[in-house]
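Secondary and tertiary structure notes
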Amino acid sequence: MDHAPRRIRTSIIRQSTYLSLNEIATILTSPIEYLKGVGPLRADLLKKELEIFTFGDLLDHFPNRHIDKTKVSRIREITPQTEYAQVAGTLISYETVGAGRGKRLVAQLRDASGILELTWFQGISWVVKGLHVGSDYLVFGKTGFFNGKPQIVHPEIEPYVAAKAGGKAFLEPVYPTTEKLKARSFNGRQLGKLTYTLITLLQPKDLPENIPQEILDRLQLMSRFEAYRNIHFPGSPALADAAMKRLKFEELFIAQVRLNLVRLQRHHTSKGVVFEKVGDYFNTLYANYLPFDLTGAQKRVLREIRTDTGKGHQMNRLLQGDVGSGKTIVALLSMLLAADNGYQSCLMAPTEILAQQHYTGLSELLKEMPVEIALLTGSTRAAERKRILKGLLDDAIHFVVGTHAVIEDAVQFRNLGLVIVDEQHRFGVAQRAKLWEKAAVPPHVLVMTATPIPRTLAMTAYGDLDYSIMDELPPGRQPVTTVHRNETARANVMDFVRSEIDKGRQAYFIYPLIEESEKLSYEDLMQGYEQVKSFFPEPKFHISMVHGRQPAEQKETNMQRFVKGDTQIMVSTTVIEVGVNVPNATVMVIESAEKFGLSQLHQLRGRVGRGSEKSFCILLTGSSASKEARERIKTMCATNDGFKIAEKDLEIRGPGDIEGTRQSGALNFKIASIVNDKELLELARAEAEKLVEEDVELTMAKNLQLKKFLQSQKRKHGWGKIS
Ligand code: ADP
Ligand code: MG
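First things first, this report covers the structure right here in the doc. Every chain begins its residue count from 1, and numbering advances along the sequence as written. To read the labels, note that chains go from A and ligands from 1, taken in the order they are written. Restriction of local features to residues with pLDDT of at least 70 applies here, the model being predicted, together with a cutoff of 80 or more for giving and counting side-chain atom pairs; totals for whole chains, interfaces and linings are based on all residues. Note that the side-chain values use all heavy atoms of the structure and ignore hydrogens as well as water.

Along its length, the protein chain carries 24 helices and 21 strands. Counting every position in the protein chain, which comprises 723 residues, the buried fraction comes to 53%. Contacts in the protein chain between residues far apart in sequence, at least 24 positions, make up 73% of those at least 6 positions apart. Methods summary: accessible areas were calculated by the Shrake-Rupley approach with a probe of 1.4 Å, and residue burial reflects only the protein chains presented. Carbon and sulfur atoms make up 52% of the accessible area of the protein chain, which totals about 33400 Å². Numbering of helices and strands runs from the N terminus; a helix is a DSSP stretch of H or I covering at least four residues, while a strand is a stretch of E covering at least two. Three exposure classes are used, based on accessible area relative to the maximum for each residue type with a 1.4 Å probe and protein chains only: buried under 20%, partly exposed in between, and exposed over 50%. Contacts are assigned to residue pairs that have any heavy atoms within 4.5 Å of one another.

This part is about the packing of helix α9 (residues 237-269) against helix α23 (residues 678-694). Where α9 contacts α23, the axes come no closer than 8 Å and their chain directions differ by 45°. Taken together, the axes of α9 and α23 lie oblique to each other. The crossing of α9 and α23 is right-handed. Mapping the contact onto sequence places K245, K248, F249, L252, F253, Q256, V257, N260, L261, R263 and L264 in α9 and L680, L681, L683, A684, R685, E687, A688, E689, L691, V692 and E693 in α23. Lines fitted to the C-alpha atoms define the axes, with helices restricted to the stretch that makes contact. Angles between their N-to-C directions range from 0 to 180 degrees. By the definition adopted for this analysis, an angle is roughly parallel if under 35 degrees, roughly antiparallel if over 145, roughly perpendicular if from 65 to 115, and oblique otherwise. Less than a right angle of anticlockwise turn of the near helix away from the far helix marks a crossing as left-handed, whereas a clockwise turn marks it as right-handed.

Inspection of the region around ligand 1 gives 16 residues, with D293, G324, K327, T328 and R477 positioned closest. As used in this structure description, the phrase polar contact means that two N or O atoms lie within 3.5 Å; if the pair is within protein, one of them must be able to donate a hydrogen and the other to accept it, and residues adjacent in sequence are counted only when both atoms belong to side chains. Separating an oxygen atom of ligand 1 from a side-chain N or O atom of R477 is a distance of 2.6 Å. N581 has a polar side-chain atom sitting 2.9 Å from an oxygen atom of ligand 1. Relative to its unbound accessible area of 570 Å², ligand 1 is 84% covered by the protein chains. Gly is placed with the polar residues, together with every amino acid not listed as nonpolar (Ala, Val, Leu, Ile, Met, Phe, Trp, Tyr, Cys and Pro) or charged (Asp, Glu, Lys and Arg). Looking at the shell around ligand 1 residue by residue, the class counts come to four nonpolar, seven polar and five charged. When we say a residue is near a molecule or strand, we mean one of its heavy atoms is within 4 Å of it.

Attention shifts here to the packing of aromatic side chains. Classification of ring pairs uses Phe, Tyr and Trp, with its six-membered ring standing for Trp, and accepts pairs whose centres are within 6.5 Å; under 30 degrees between planes counts as stacked, over 60 as edge-to-face, and the remaining range as tilted. Taken as a whole and assessed by the stated rule, the structure comprises ten aromatic pairs. Centroid distance F509 to F536: 6.4 Å. Interplanar angle 55°. Geometry classified as tilted. Of the two residues, F509 sits in strand β17 (residues 506-510) while F536 sits in the loop between α18 (518-535) and β18 (543-546), which places them 27 residues apart along the sequence. Accessibility expressed as a relative area gives 0% for F509, which makes it buried. The interplanar angle of 80° and the centroid separation of 5.1 Å between the aromatic rings of F536 and F541 together place this pair among those described as edge-to-face. Look at F541 and you get buried, because its relative accessible area is 4%. The structure contains a cluster of three or more aromatic residues connected by ring pairs, namely F509, F536 and F541. The positively charged end of R42 is found above the aromatic ring belonging to F186, 4.3 Å away from the centroid. Should the NZ of a Lys or the CZ of an Arg lie within 6 Å of a ring centre and within 35 degrees of the ring normal, that charge is described as sitting over the ring.

With that settled, the discussion passes to the pairing of strand β6 (residues 149-153). Note on pairing: two strands pair once DSSP finds at least 2 bridges between them. Two strands pair when backbone bridges link them, and strand β4 (residues 115-120) and β6 are joined in this way by three bridges, in the parallel orientation. Bridge pairing in β6 links T119 to V153. Of the pairings in the sheet, the one linking strand β5 (residues 136-146) to β6 comprises four bridges and is antiparallel in character. From the neighbouring strand, F145 faces β6, where its bridge partner is P150.

On to the nonpolar core, then. L285, V330, L332, L336, L366, F399 and I420 are the most contacted members of the largest nonpolar core, which has 41 residues in total. Sorting the residues of this core by element identifies α10 (280-289), α11 (296-309), α12 (327-340), α13 (352-366), β11 (373-376), β12 (399-402), β13 (416-421) and β14 (444-449) as the ones contributing at least two each. If one sorts the elements of this core by residue count, α12 sits on top with ten residues. If we skip the residues at most four places from it in the chain, L366 touches L285, L332, L336, V371, I373 and F399. Nonpolar cores are built from buried Ala, Val, Leu, Ile, Met, Phe, Trp, Tyr and Cys residues. Side-chain atoms within 4.5 Å join them into one set. With 38 residues, the next largest nonpolar core counts I211, F253, L465 and A672 among its residues.

To estimate the expected span of a helix, subtract one from its residue number and multiply by 1.5 Å. The end-to-end C-alpha distance of helix α19 (residues 552-564), which contains 13 residues, comes to 18 Å, matching closely the 18 Å that a straight helix rising 1.5 Å per residue would cover. Among the residues of α19, K555, E556, N558, M559, Q560 and F562 are the ones counted as buried. Residues of α19 that are buried make contact with α13, β17, β18, β19 (569-572) and β20 (585-590). Immediately beyond the C-terminal end of α19, within one or two residues, lies G565, with a positive phi of roughly 90°.

Moving on: the sheet that holds strand β15 (residues 466-470). A sheet is described by the order of its strands in space; here seven strands give the open sequence β11-β12-β10-β13-β14-β9-β15, paired in parallel fashion. Edge positions in the sheet fall to β11 and β15, since each of these pairs with one other strand and no more. Sheet twist, expressed as the average angle between the axes of neighbouring strands with direction ignored, equals 20°. For strand β10 (residues 344-348) and β12, the ladder comprises four bridges, and the chain directions are parallel. Within β12, the residue paired with L347 across the bridge is V401.

Strand order in the open sheet formed by six strands is β16-β21-β20-β17-β19-β18, with parallel pairing between adjacent strands. Only two strands of the sheet have a single neighbouring strand rather than two, namely β16 (481-486) and β18. The average angle at which neighbouring strand axes cross in this sheet is 20°, direction not considered. With four bridges connecting them, β20 and strand β21 (residues 616-621) associate as parallel partners. Bridge pairing in β21 links M588 to C617. Those strands touched by α18 are β17, β18 and β19, and its axis lies near 175° from that of β18.

The next point concerns empty space enclosed by the protein. Here a cavity denotes grid points, spaced 1 Å and computed from the protein atoms alone, that fit a 1.4 Å probe unable to get out, and a pocket denotes an open set having protein on both sides within 12 Å along at least 5 of 7 lines; residues with an atom within 4 Å of a point are the lining. Grid points are joined across faces, edges and corners, and a volume is the space filled by probe spheres set on the points. Inspection of the entire model under this criterion finds two cavities of 30 Å³ or more. Of the voids in this model, the second largest cavity is the one considered here, and its volume is about 80 Å³. Along the walls of the second largest cavity sit H267, D308, K311, H313, Q314, M315, N316 and D466, which together make up its complete lining. Split by residue class, the lining of the second largest cavity holds one nonpolar, four polar and three charged.

Here we take up the side chain of H232. Inspection of the secondary structure assignment puts H232 in helix α8 (residues 224-232). Classification of H232 as buried rests on a relative accessible area of 0%. At a separation of 2.7 Å, a polar atom in the side chain of H232 contacts the side chain of Y175. What H232 contacts, discounting residues up to four positions off in sequence, is L58, L59, H61, F62, P63, H66, P173, Y175, T195 and I199.

Here you go:
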């Protein structure tokens with residue numbers, strides 16, 4: 001025992017050569033092989049199997065649960081409902097049976113009440129060495145039944161010493177481990193012993209507090225040191241829970257402090273162009289050419305943008321508005337505000353169709369005004385492209401609408417002041433950053449997304465952005481009625497679609513895009529097209545078809561025919577998913593609806609219900625939809641609220657899969673979950689916001705320890721954003 005600290009000290013000296021100069025080595029950075037009881041062999045296993053390299057890693061390897069192991073069960077008490085059991089008994093036999101991959105070691109343990117079978121599939125020769133028929137053993141593990149008899153596979157086993165069990169009440173941690181470790185007799189219990197050794201070495205100074213005391217007091221959270229002790233070796237179940245709560249809060253709080261620092265430091269220190277006045281461009285459109293009154297939500301968001309862009313700091317704002325809430329007009333008015341102050345704007349859309357549509361829509365609204373607007377996409381012809389590049393450089397063009405083509409290096413602006421990214425989830429952070437580089441002072445950035453994100457997810461994935469919500473649809477909209485129909489009812493569905501078309505309305509038929517098999521999707525679509533055509537023959541009916549294999553021009557022509565009403569039906573894959581606006585379309589039939597994700601279905605449905613007529617969405621499925629698919633369809637039929645759908649999506653899929661957030665490191669929580677710990681996250685957000693607002697440089701005495709902690713993390717994880 002005496003020895004261990006000395007060995008640790010040597011290790012610190014050795015270790016320090018690997019660390020950057022200003023990193024402080026602590027006991028927690030000591031290599032794991034220096035912990036008493038580890039040694040090179042086990043160290044190797046710990047590293048390979050559990051990625052435990054240092055004392056700190058071991059400390060961060062939390063138990064799944066705790067079990068009162070002072071309780072020794074009788075074998076007869078084990079039922080199929082029993083999860084884990086600890087049993088003491090005499091080993092009456094063991095033998096190796098089977099061969100090759102089926103080879104296993106089977107032993108029988110008997111107590112006064114019955115017989116328990118113990119089985120090992122791995123590490124047999126190792127285990128056998130420790131087994132002696134006639135000796136007493138204490139075994140622990142997950143119970144199961146095999147041929148009606150209770151058994152434990154790969155139990156923890158040790159010689160039974162009567163005094164050992166039945167000691168003082170003791171909640172023993174159960175650690176996540178691996179089959180390989182278990183097979184090497186290096187099981188959860190051994191891990192517990194090592195952790196116990198480590199805990200006894202630690203003092204409060206080794207785990208300095210990183211949350212300001214006043215917050216701990218207010219929320220009644222235990223200290224960091226206490227939390228680490230109790231998450232491993234709690235004095236009671238209540239203490240185990242309290243430790244977990246404290247550590248989850250810490251994880252969420254630290255992340256929120258980081259995000260809010262980025263957000264608020266930008267408010268304080270970033271440079272930004274100033275849009276100081278509302279001028280003629282804005283006022284003329286507003287007074288003369290706006291075909292409707294703005295909704296309250298649109299006005300509120302415009303005020304927020306006005307405030308942000310008037311301060312001399314860069315705006316970085318996320319605008320979440322449900323499908324059809326009218327984000328485009330907010331974008332246009334913001335661009336006019338930029339123009340009023342002598343700045344150019346750029347509006348980026350994820351697809352050519354969408355860029356084209358924005359361009360057409362905005363040009364229409366601007367046609368009586370002296371505003372130059374250009375469309376720049378991958379299929380813009382060379383001469384036009386040349387004209388645009390020149391126009392952007394000499395300031396003849398006010399607005400450019402485009403796709404990824406806009407972020408190419410060749411595209412340079414005279415004085416770019418505002419970048420708007422529509423349907424943001426298709427643009428990566430890096431792509432957005434590229435736009436910033438196009439001006440000496442970074443332009444303001446407005447990110448618009450029509451895929452609502454649950455609040456908790458937005459707070460974590462986009463917590464460094466300011467955040468606006470448009471939670472109001474323009475007046476006069478009727479909610480879309482959504483129904484689920486089996487394919488067998490297709491004839492009825494077609495009759496219904498025909499009745500809508502007879503009323504002068506238009507319809508969509510959507511086919512899934514199977515990413516792994518473009519060919520299959522294409523064949524599906526063609527078959528579908530033929531089928532639709534047989535129900536809706538020419539000359540009475542006209543059909544547009546749009547899909548990914550068409551050249552942009554053809555897509556555009558087909559799209560425009562539908563937009564103008566020359567065709568009554570649009571057959572398409574999901575290329576129309578975002579943005580398309582045909583208010584006269586009142587029916588959408590989604591084929592193989594079980595193959596779509598929830599947010600995708602919601603996006604698609606958003607293409608109908610955009611006018612004043614009642615609209616319908618029909619989800620067609622075969623009979624083999626999975627449970628999850630059925631749940632998605634049920635949700636779609638139950639609600640039109642994008643935020644509710646987003647919550648459900650998060651519940652079904654978990655945060656890792658939500659579009660656009662996959663690469664977001666902000667979501668890599670170790671123990672906290674944005675699905676299950678919502679309240680704690682709200683608390684953490686509120687506390688972090690308050691703290692950063694009060695002390696954005698973290699120079700107040702009460703926040704110094706936090707600052708130090710963040711800096712050490714920054715070095716460890718390379719979070720360059722924190723100053
Ligand atoms: P999204 O938020 O999905 O991008 P759009 O900007 O495409 O929505 O707007 C959807 C439709 O609503 C468009 O036809 C648009 O002209 C219309 N619209 C937008 N704002 C209003 C409003 N305040 N009143 C009435 N119609 C509006
Ligand atoms: Mg839109």
